[in-house]
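Take a look at the letters that make up each chain.
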Amino acid sequence: MAYIAKTPLHMALWDAGGEVEVEAVITYTVTKFRPATMIDPEEPAMAEVSNFQLRKPKTGEWLTCPAWISDAFEADDKFMNWLVSDANDADEYAKECAAEARAEARLEAARYDD
């Protein structure tokens, strides 16, 4: 399953200049945690970025993202762990929404049964 994370980035364009805010839009997948077995070792959950884009938040204009920016983020363990956490949050939210929808459907069905 592909996930999309969005986060603001503040970038200094030069040493004495001000910061510019852009939005990073990251498309990624997550390999879920697998516990150790008799044969295979434990495999932690891991994120894999498939697309890293930058966008101007006010205009929505897409910007060319230099490879060194996406490479720097993908090499950062904290960032990659954040993506795994974001995917877990999205999965939990989807489960909660599905449970609420089932409960509402049961209530609706019960109204028509009476």
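Refer to the structure presented above.
Caption draft 1: Spatial organisation of the environment of Ala 47. Position of Ala 47 relative to the elements: it lies in strand 3 (residues 46-55). Linking Ala 47 and Asp 77, residues 30 residues apart in sequence, is a C-alpha distance of 10.0 Å. Excluding residues that lie within four positions of it along the chain, Ala 47 makes contacts with Tyr 28, Thr 29, Val 30, Met 80, Leu 83 and Val 84.

Caption draft 2: Representation of a nonpolar patch on the surface in the model. Taken together, Leu 13, Trp 14 and Val 20 make up a surface patch of nonpolar side chains, about 320 Å² in accessible area. Within the element layout of this structure, Val 20 appears in strand 2 (residues 19-31).

Caption draft 3: Region of interest: the packing of aromatic side chains. Summed over all chains, the structure comprises five aromatic pairs. Ring geometry for Phe 73 and Phe 79: centres 5.0 Å apart, planes at 65°, overall edge-to-face. Taken together, the aromatic side chains of Phe 52, Phe 73, Phe 79 and Trp 82 make up a single cluster linked through ring pairs.

Caption draft 4: Main features of the pairing of strand 2. As paired strands, strand 1 (residues 2-12) and strand 2 are joined by eleven bridges and run antiparallel to one another. Bridging from a neighbouring strand, Lys 6 pairs with Val 25 of strand 2. Counting the residues between successive antiparallel strands, the hairpin from strand 1 to strand 2 contains six residues. The sheet contact formed by strand 2 and strand 3 spans nine bridges and is antiparallel. Pairing of Val 25 across the sheet is with Gln 53, part of strand 3.

Caption draft 5: Just the sheet that holds strand 2, in detail. The strand order across the open sheet formed by four strands is 1-2-3-4, and the pairing between neighbours is antiparallel. Among the strands making up the open sheet, the edge pair consists of strand 1 and strand 4 (62-63). Against the sheet, helix 1 (residues 67-74) engages strand 1 and strand 3, with an angle of about 145° to strand 3.

Caption draft 6: Highlighting the nonpolar core. Counting 18 residues, the largest nonpolar core has Ile 26, Tyr 28, Phe 52 and Leu 83 as its most contacted members. Listing elements by their share of this core, those giving two or more residues are strand 1, strand 2, strand 3 and helix 2 (77-113). Setting aside residues up to four positions removed in sequence, Phe 52 forms contacts with Ala 24, Val 25, Ile 26, Cys 65, Ile 69, Ser 70, Phe 73 and Phe 79.

Caption draft 7: How the structure looks around the pattern of salt bridges. Counted according to the given criterion, the structure contains five salt bridges. Among the salt bridges present, the one from Glu 23 reaches Arg 55, with a minimum N-O distance of 2.6 Å. One end of the pair, Glu 23, is in strand 2; the other, Arg 55, is in strand 3, with 32 residues separating them in the sequence. Its relative accessible area of 18% is what places Arg 55 among the buried residues. Where Lys 95 meets Glu 92, a salt bridge forms, and the shortest distance between an N and an O atom there is 3.8 Å. On the criterion of helical spacing, the pair formed by Lys 95 and Glu 92 is a turn pair, its members being three residues apart in helix 2. Overall, the relative accessible area of 42% leaves Glu 92 in the partly exposed class.

What counts as what
All residue numbers refer to positions counted from 1 along the written sequence of the respective chain. Where local features are concerned, this predicted model is filtered to residues with pLDDT of at least 70; where side-chain atom pairs are given and counted, the filter is 80 or more; whole-chain, interface and lining totals use all residues. The side-chain values count all of the structure's non-hydrogen atoms but skip hydrogen atoms and water molecules. Numbering of helices and strands runs from the N terminus, with a helix taken as a DSSP run of H or I at least four residues long and a strand as a DSSP run of E at least two residues long. Any two residues whose heavy atoms approach within 4.5 Å at even a single point are treated as in contact. Excluding any residue in a salt bridge, patches collect residues exceeding 30% relative accessible area, merging like charges within 9 Å and nonpolar Val, Leu, Ile, Met, Phe, Trp and Tyr side chains within 5 Å. Per-residue and other accessible areas were derived by the Shrake-Rupley procedure at a 1.4 Å probe size, with only the shown protein chains allowed to occlude residues. In the sections that follow, a salt bridge refers to a side-chain nitrogen of Lys or Arg positioned within 4 Å of a carboxyl oxygen of Asp or Glu. For this analysis, a ring pair means two rings from Phe, Tyr or Trp (six-membered ring only for Trp) whose centres lie within 6.5 Å, classed as stacked if their planes differ by under 30 degrees, edge-to-face if by over 60, and tilted for the remaining angles. When DSSP finds at least two bridges between two strands, those strands are taken to pair. Between N-to-C directions, angles cover 0 to 180 degrees, with each direction set by a line fitted to C-alpha atoms, over the stretch in contact for helices. Residues belong to one nonpolar core when they are buried, are Ala, Val, Leu, Ile, Met, Phe, Trp, Tyr or Cys, and are joined through side-chain atoms within 4.5 Å. For every residue, the accessible area obtained with a 1.4 Å probe (protein chains only) is divided by the maximum for its type, and the residue is called buried under 20%, exposed over 50%, and partly exposed between those limits.

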